[in-house]
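Chain residues, written in single-letter form:
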Amino acid sequence: MLFGRQKTAMIDQSDALPGRADRPYAVGTTHAVLGTPIEGPYPAGLEIAYFGLGCFWGAEKAFWQLPGVYSTAAGYMGGYTPNPTYEEVCSARTGHTEAVQVVYDPAKTSYEALLKAFWEGHDPSQENRQGNDIGTQYRSAIYWTTEEQHQEALASKDAFQPNLSAAGYGEIKTELAPAGTFYFAEAYHQQYLHKVPNGYCPSHGTGVSCPIGVARA
């Protein structure tokens, strides 16, 4: 994941790359694992969640394996540059973090269950990094789409912090913000660890349990 580019200071919007009006690459149409649309349209009744928890290759795999998840995608979120490329995001001059879009069926799972996977899947006490992946593009983030998601995200953070602290970790540094535009990443990033089974996929989980989230039968 372009190891030499270690940018840890969030860029100011006035200094961000200008970007472009249109996406300069292909994304692909069908999820390589689930066989569902990557960009939609999605069936009525499904909901969407957005998370950043370090390298999006492993993060996407963690979510596509969960019950009730209809589709996932790797992308860029939380920044300033319209239609950024991977190289631009890795330069830390767009403000984006690597993020995952999760399309899920609320009749089969819950947003809480996704939050549980999010908190347990990385170390949210690290700021602008996950392990050896260092830079603002690896920052921990939850981007909510509804006020209900917002409140559940806040409650889950409050529920997880005592367990994290008891295990010797610091304060949660996760960015919590309303969802803006999600820019789908290049086709080769989508379901990367299915296409490259032995690809780069470090585990940054703390081993600490988050006391929320029960999947629905």
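Residues numbered from 1 in each chain as written. Predicted model: local features only at pLDDT ≥ 70, side-chain atom pairs only at ≥ 80, totals over all residues. Heavy atoms only, no water.

## Re the pattern of salt bridges
Oppositely charged side chains can form a pair if their charged atoms are brought close together.
Next up, step 1: According to the stated counting rule, one finds four salt bridges in the structure shown.
Next up, step 2: Between glutamate 88 and arginine 20 there is a salt bridge, with its nearest N and O atoms 2.7 Å apart. Taken together, the positions of glutamate 88 in helix 2 (residues 86-90) and arginine 20 in the segment before strand 1 (47-53) put the pair 68 residues apart, joining distant regions of the chain.
Next up, step 3: Here glutamate 88 falls in the buried class, since its relative accessible area comes to 17%. (Salt bridge = Lys/Arg side-chain N within 4 Å of Asp/Glu carboxyl O. Helix = DSSP H or I, 4+ residues; strand = E, 2+ residues; numbered from the N terminus. Buried < 20%, exposed > 50% of the residue type's maximum accessible area, 1.4 Å probe, protein only.)

## Here we look at the state of the cysteines
Chemically, a disulfide is nothing more than a covalent bond linking the sulfur atoms of two cysteines.
Next up, step 1: Counted according to the given criterion, the structure contains zero disulfides.
Next up, step 2: Looking at cysteine 90, it has no disulfide partner, and the nearest cysteine sulfur is the one in cysteine 55, 9.4 Å off.
Next up, step 3: The exposure class assigned to cysteine 90 is buried, which follows from its relative accessible area of 1%. (Disulfide = S-S within 2.5 Å.)

## Points about the confidence of the model for the protein chain
Next up, step 1: When pLDDT is averaged along the protein chain, the result is 95, and 95% of the positions lie at 70 or above.
Next up, step 2: Across the protein chain, the element-wise mean pLDDT spans from 95 in strand 5 (residues 133-134) up to 99 in strand 8 (residues 183-184).
Next up, step 3: Across residues 1-5, where pLDDT falls below 50, the model places 17 contacts with residues more than four positions away in sequence or in other chains. (pLDDT = per-residue confidence, 0-100. Contact = heavy atoms within 4.5 Å.)

## Some words on the packing of aromatic side chains
Next up, step 1: Considering all chains together, one arrives at 12 aromatic pairs under this definition.
Next up, step 2: For the pair phenylalanine 51 and phenylalanine 63, a centre-to-centre distance of 5.1 Å together with 5° between the ring planes defines the contact as stacked. With phenylalanine 51 in strand 1 and phenylalanine 63 in helix 1 (residues 56-64), the pair connects residues that are 12 residues apart, well separated along the chain.
Next up, step 3: Their ring planes at 35° and their centres at 5.8 Å tell us that tryptophan 119 and phenylalanine 160 sit as a pair that is tilted. With tryptophan 119 in helix 3 (residues 111-120) and phenylalanine 160 in helix 4 (residues 147-166), this pair connects stretches of sequence that are 41 residues apart. Note on accessibility: tryptophan 119 and phenylalanine 160 belong to one class, buried.
Next up, step 4: Put simply, the rings of Phe51, Phe63, Tyr111, Phe118, Trp119 and Phe160 touch in pairs and so form one group of aromatic residues. (Phe/Tyr/Trp six-rings, centres within 6.5 Å; stacked < 30°, edge-to-face > 60°.)

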